[in-house]
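Fold and contact review
Listed below are the residues making up each chain.
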Amino acid sequence: MGSDCLFCRIVAGEIPATVVRETDTTLAFRDIDPKAPVHVLVIPKEHYADVATLAQGDPALAADVLATSAAVAEDEGLLGDGFRLMFNTGAYGGQEVFHVHAHLLGGAPLGPMLARDLV
């Protein structure tokens with residue numbers, strides 16, 4: 001991806017991040033605007049715009065993102081009480097950075113999935 005992708009620039013080391021786990025294919029780092037006591041973003045190092053594109057284009061890499069997410073949840077002590085793993089996809093899904101990323105949230109009760117009813 002070009003130099004305009006924020007997460008590609010983090011992977012390249014051009015923009016600093018608080019990395020909590022790195023594998024050959026994934027990077028996990030703390031969100032700069034956390035929505036929970038633990039809020040880590042888990043990304044593939046290779047650029048895919050969203051989770052649907054990733055799942056269709058490289059299912060093994062999608063599995064790596066999930067495996068890294070589980071490892072971070074364990075490292076952060078979230079397995080006992082639980083956590084939320086969320087992918088925002090597209091405009092209606094609230095995606096803001098168009099490099100697929102999982103939000104790993106936990107450390108406190110998270111409440112309902114959505115802040116309001118949509119129907």
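Now for a look at the structure at hand. (Residues numbered from 1 in each chain as written. Predicted model: local features only at pLDDT ≥ 70, side-chain atom pairs only at ≥ 80, totals over all residues. Heavy atoms only, no water.)

**What about the nonpolar core?**
For clarity, the threshold we go by: Residues grouped as a nonpolar core are buried Ala, Val, Leu, Ile, Met, Phe, Trp, Tyr and Cys residues, joined through side-chain atoms within 4.5 Å. To sort residues, take the accessible area from a 1.4 Å probe on protein chains only and compare it with the maximum for the residue type: under 20% means buried, over 50% means exposed, and anything in between is partly exposed. Numbering goes from the N terminus for both helices and strands, where a helix is a DSSP run of H or I of at least four residues and a strand is a run of E of at least two. The contact criterion used is simple: two residues touch if any of their non-hydrogen atoms lie within 4.5 Å.
In terms of nonpolar packing, the biggest core is built from 15 residues, with Val-40, Val-42, Leu-54 and Leu-104 touching the most fellow members. At the level of secondary structure, the elements contributing two or more residues to this core comprise strand 3 (38-44), helix 3 (59-75) and strand 5 (102-106). Among the elements that line this core, the one with the most residues is helix 3, at five residues. Setting aside chain neighbours within four positions, we find Leu-54 in contact with Pro-44, Tyr-48, Pro-59, Leu-61, Ala-62, Val-65 and Val-100.

**Concerning the pattern of salt bridges**
This is how it is decided: Whenever Lys or Arg places a side-chain nitrogen within 4 Å of a carboxyl oxygen from Asp or Glu, that contact is recorded as a salt bridge.
One pass over the structure, following the stated rule, counts five salt bridges. The closest approach of N and O atoms between Arg-9 and Glu-14, which form a salt bridge, is 3.0 Å. Here Glu-22 makes a salt bridge to Lys-45, at a shortest N to O gap of 2.7 Å. Taken together, the residues Glu-22 in strand 1 (residues 19-22) and Lys-45 in the loop between strand 3 and helix 2 (51-57) connect sequence positions 23 residues apart.

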